[in-house]
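Structural overview
Residue-level listing of the chains:
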Amino acid sequence: MLSFLPAPLLFIINSLLIAINVILIATPILILGIVKIILPFDFILRLVDNCNYYLYKVWVVNNRMLMALTNDIKWHITGDEIPSTRKSCIVMSNHISWLDILFIGSVYGGRIPITKFFMKQNLIYIPFVGLACYTLGMPFLRRYPKEKLLKNPALRTKDVETTKKVCKDLIKYPSSLINFCEGTRFTPEKAKKAKSTYRHLMPPKAASLGVALSEIYDEVEYIFNNTFYYPENSKGAFMDMMFGKIKDVYVNIEIIEKNDRLRGNYLEDKTFKHDFTMYLRELWEKKDQLLDEMQADYRSRKNNK
């Protein structure tokens, strides 16, 4: 709608609207967080959880309206239809940009419970956002340098303990756990350094997803597998959005049927751990092929204009 405006002006508009949206949503979430601390009764906690769910839906709607206002986005959504549920879900996805988080909200449109995703510990210090995420129960992970891990091997299990705690919360207060299995945003440089065997992806890391499924397999209603592709915005997609430069967004949604290869004890059953890791790599091979198809579709559309 406003994408015809100069990029610097769009950046200012987006900065203001994003700040207003964050403050409007984060402030009541923080207040509700204080209520949880003062009145930790089950019925109060459930009431707060319901309020947070609707605040999340408002945040999702506001983000989609904001992006539509300043970016001329053409959505190419394929795959399975997203069902509406209030029960816990797991969403796995490839990772291109911070923008993936906003797009997941936009694509799912509040049809699944509030999304929770693993965050780096230092993000908790972002004004409003960090505290709001902490109040919502987002899991924060701390990355330790090799020197610290060698001195204190017990630190290696910290992420596992965090994952288990989040899973227990998912059982009590249904949420959608977002897992970017690659562990970092994809870039050709990172892929080369990691010796990735995929053309468009980083190697998937099975641990956090394997532990999560080991803990809450029976309680999870849906397991979604997302594949994102931004043909003109593979680098710096979030800043491109701020400047009104997002054009085409491809996303495929796959609902993964529950099966024996997803159910087991990842930490204690070595056979299951190996089979689960292989299963995840197979999914990533299919995802890599799907990205090839998305690229071909985009080139075809561009050539036919």
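Above this text sits the structure in question.
Let me begin by describing the structure that accompanies this report. (Residues numbered from 1 in each chain as written. Predicted model: local features only at pLDDT ≥ 70, side-chain atom pairs only at ≥ 80, totals over all residues. Heavy atoms only, no water.)

1. Brief notes about the sheet that holds strand S8 (residues 248–255)
Filter applied, for reference: In short, DSSP must find at least two bridges between two strands for them to pair. Note on conventions: DSSP H or I runs of at least 4 residues are helices, E runs of at least 2 residues are strands, and numbering of each starts at the N terminus. Axes, fitted as lines to C-alpha atoms, cover a helix only where it is in contact. Angles between the N-to-C directions of the axes lie from 0 to 180 degrees. Any two residues whose heavy atoms approach within 4.5 Å are treated as being in contact.
In space, the six strands of this open sheet follow the order S1-S8-S7-S2-S6-S3, with mixed pairing throughout. Both outer strands of the open sheet, strand S1 (74–79) and strand S3 (115–117), are each paired with one neighbouring strand and no more. Between one strand axis and the next, the sheet turns through 25° on average, direction left out of account. Here S1 pairs with S8 via six bridges, running parallel. From the neighbouring strand, Ile77 faces S8, where its bridge partner is Val251. Across the sheet, helix H3 (residues 99–108) touches S1, strand S2 (89–93), S3, strand S6 (176–180), strand S7 (222–229) and S8, and the angle it forms with S7 is around 120°. Along the sheet, helix H8 (residues 207–216) makes contact with S2, S6 and S7, crossing S2 at roughly 165°.

2. Overview of the environment of Tyr54
Examined against the element boundaries, Tyr54 turns out to sit in helix H2 (residues 42–70). Spatially, the C-alpha atoms of Tyr54 and Pro113 are 9.5 Å apart, while their sequence positions differ by 59 residues.

3. Some details on the nonpolar core
Condition: Here, nonpolar core means buried Ala, Val, Leu, Ile, Met, Phe, Trp, Tyr and Cys residues that are tied together by side-chain atoms lying within 4.5 Å of each other. For every residue, the accessible area obtained with a 1.4 Å probe (protein chains only) is divided by the maximum for its type, and the residue is called buried under 20%, exposed over 50%, and partly exposed between those limits.
By size, the foremost hydrophobic cluster in this structure holds 44 residues, and its most contacted members are Leu99, Phe103, Tyr108, Phe224 and Phe228. With sequence-adjacent residues up to four places away left out, Leu99 is seen in contact with Met67, Tyr230, Ala237, Phe238, Met241 and Ile246. In this structure, Tyr250, Tyr266, Leu280 and Leu283 belong to the second largest nonpolar core, which totals 34 residues.

4. Observations regarding the pairing of S8
Within S8, six of the eight residues are buried, which leaves the element mostly enclosed by the surrounding structure. Pairing of S7 with S8, which is carried by six bridges, proceeds in the antiparallel orientation. When the bridges of S8 are listed, Asn225 appears paired with Glu254.

5. Thoughts on a nonpolar patch on the surface
Quick reminder of the rule: The patches described consist of residues with a relative accessible area above 30% and no salt bridge, like charges being joined within 9 Å and nonpolar side chains (Val, Leu, Ile, Met, Phe, Trp, Tyr) within 5 Å. Here, Shrake-Rupley sampling with a 1.4 Å probe gives the accessible areas, and only protein chains in the shown set may cover a residue. Just to be clear on terms, a salt bridge is a Lys or Arg side-chain nitrogen sitting within 4 Å of an Asp or Glu carboxyl oxygen.
Together, Leu9, Ile12, Leu16, Leu17, Ile20 and Leu24 line one region of the surface with nonpolar side chains, adding up to about 540 Å² of accessible area. In this fold, Leu24 is placed in helix H1 (residues 7–38). Residue classification places Leu24 among the exposed residues on the basis of a relative accessible area of 56%.

6. Things to note about the packing of aromatic side chains
Note the following rule: Side-chain rings of Phe, Tyr and Trp (the six-membered ring for Trp) are treated as a pair once their centres are within 6.5 Å; stacked means planes under 30 degrees apart, edge-to-face means over 60, and tilted covers the remaining angles. In this analysis the charged atom, NZ for Lys or CZ for Arg, is taken to sit over a ring once it is within 6 Å of the ring centre and within 35 degrees of the ring normal.
Taken as a whole and judged by the stated rule, the model has 13 aromatic pairs. Note on Phe11 and Phe243: the rings are 4.9 Å apart at their centroids and 20° apart in plane angle, and the pair reads as stacked. Residue Phe11 is located in helix H1, and its partner Phe243 is located in the loop between helix H9 (237–242) and S8; the two are separated by 232 residues in the primary sequence. Classification of Phe243 by relative accessible area gives partly exposed; the value is 26%. Chaining the aromatic ring pairs together yields one cluster made of Trp75, Phe103, Phe228 and Tyr230. Of note, Arg64 hangs over the ring of Trp75, and the distance from its end group to the ring centre comes to 4.8 Å. Of note, Lys258 hangs over the ring of Tyr217, and the distance from its end group to the ring centre comes to 4.8 Å.

7. Considering the side chain of Glu182
To keep it simple, the criterion reads: Neither His nor the chain termini are counted; the positive set is Lys and Arg, and the negative set is Asp and Glu. Definition of a polar contact: a pair of N or O atoms within 3.5 Å, with one able to donate and the other able to accept a hydrogen when the atoms are protein atoms, and with sequence-neighbouring residues admitted only if both atoms are side-chain atoms.
Counting through the fold element by element, Glu182 comes out in the loop between S6 and helix H7 (188–193). For the buried residue Glu182, which engages in no salt bridge, the nearest side chain bearing the opposite charge is Lys287, 7.5 Å off. A distance of 2.7 Å separates the side chain of Glu182 from the backbone nitrogen of His95, its partner in a polar contact. At 2.7 Å, the side chain of Glu182 and the backbone nitrogen of Met202 are in polar contact.

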